[in-house]
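Architecture at a glance
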Amino acid sequence: MDDVAAAIADPVRREILEMLRDRPLPARRIAERFPISRPAVSRHLRVLRECGLVHDTPDGRERVYRLDPSPLTGIKHWLAGFPDTAEAWNRRLDALETEVYRTRRDRRAPATDRQETA
């Protein structure tokens, strides 16, 4: 998991993964989208390949890269152990809404009971 985390820590590599999420691409098409040299993009692709996030296949004189998201599973499970702040706040707000509803209901109930006895 550490090598995958190190690989996705770099913004260029994350962008490459996002590009490959849609479809496989040849190395030259990937390199065209960055202002860095082709050898620098090749080094990023090598890091992604070595940790298993991408696989390459030869296609004539080119190499076509495909995303393999399975190594991200370990990170996904690790992150799941941390509370999701938005989800935690949603639960708290839902609980608050329930309490407000109960308080309103309880305040109305005695007034209704008094009207029925009169």
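Look above for the structure.
Right, let's walk through the structure included here. (Residues numbered from 1 in each chain as written. Predicted model: local features only at pLDDT ≥ 70, side-chain atom pairs only at ≥ 80, totals over all residues. Heavy atoms only, no water.)

Focus: helix H4 (residues 38-50)
Given 3.6 residues per helical turn, the α-helix brings residues three or four places apart onto the same face. Spelled out, the test is: In this text, helices come from DSSP runs of H or I with a minimum length of four residues, and strands from runs of E with a minimum of two, each type numbered from the N-terminal end. A helix's residues, less one, multiplied by 1.5 Å, set its expected span. Think of it in three bands: with a 1.4 Å probe and only protein chains considered, a residue is buried below 20% of the maximum accessible area for its type, exposed above 50%, and partly exposed in between. Within this analysis, the arc is defined by the directions that extend from the helix axis to the C-beta atoms. We call two residues contacting when some pair of their heavy atoms lies within 4.5 Å.
Taking 1.5 Å as the rise per residue, H4 with 13 residues should run 18 Å; its terminal C-alpha atoms sit 18 Å apart, in good agreement. All of the buried residues in H4 are Ala40, Val41, His44, Leu45 and Leu48. Here the buried residues of H4 occupy an arc of 140° about the axis, which is enough to place them on one side. Its buried side turned inward, H4 meets helix H1 (2-8), helix H2 (11-22), helix H3 (27-32), strand S2 (54-59) and strand S3 (62-67). Following H4 by one or two positions, glycine 52 has its phi on the positive side, about 90°.

Side note on a nonpolar patch on the surface
Rule in force here: Grouping into patches uses exposed residues only, defined as over 30% relative accessible area, and leaves out salt-bridged ones; the cut-off is 9 Å for like charges and 5 Å for nonpolar side chains (Val, Leu, Ile, Met, Phe, Trp, Tyr). All accessibility values rest on the Shrake-Rupley procedure with a 1.4 Å probe; residue burial counts only the protein chains present in the view. A carboxyl oxygen of Asp or Glu within 4 Å of a side-chain nitrogen of Lys or Arg is what we treat as a salt bridge.
A cluster of nonpolar side chains, contributed by Met1, Trp78, Leu79 and Phe82, occupies part of the molecular surface with about 440 Å² of accessible area. For phenylalanine 82, the location among the structural elements is in the loop between helix H5 (72-80) and helix H6 (85-117). On the basis of relative accessibility, which here comes to 47%, the residue phenylalanine 82 falls in the partly exposed class.

A look at the pairing of S3
Note the following rule: Note on pairing: DSSP must find at least two bridges between two strands before they are called paired.
Two strands pair when backbone bridges link them, and strand S1 (residues 25-26) and S3 are joined in this way by two bridges, in the antiparallel orientation. Paired with proline 26 across the bridge in S3 is valine 64. Pairing of S2 with S3 involves six bridges; the strand directions are antiparallel. By the bridge assignment for S3, threonine 57 is matched with valine 64.

Details of the environment of arginine 14
Among the secondary structure elements, arginine 14 is positioned in helix H2. Owing to a relative accessible area of 37%, arginine 14 belongs among the partly exposed residues under this scheme. Between the C-alpha atoms of arginine 14 and leucine 48, which are 34 residues apart in sequence, the distance is 9.6 Å. If we skip the residues at most four places from it in the chain, arginine 14 touches Ile8 and Ala9.

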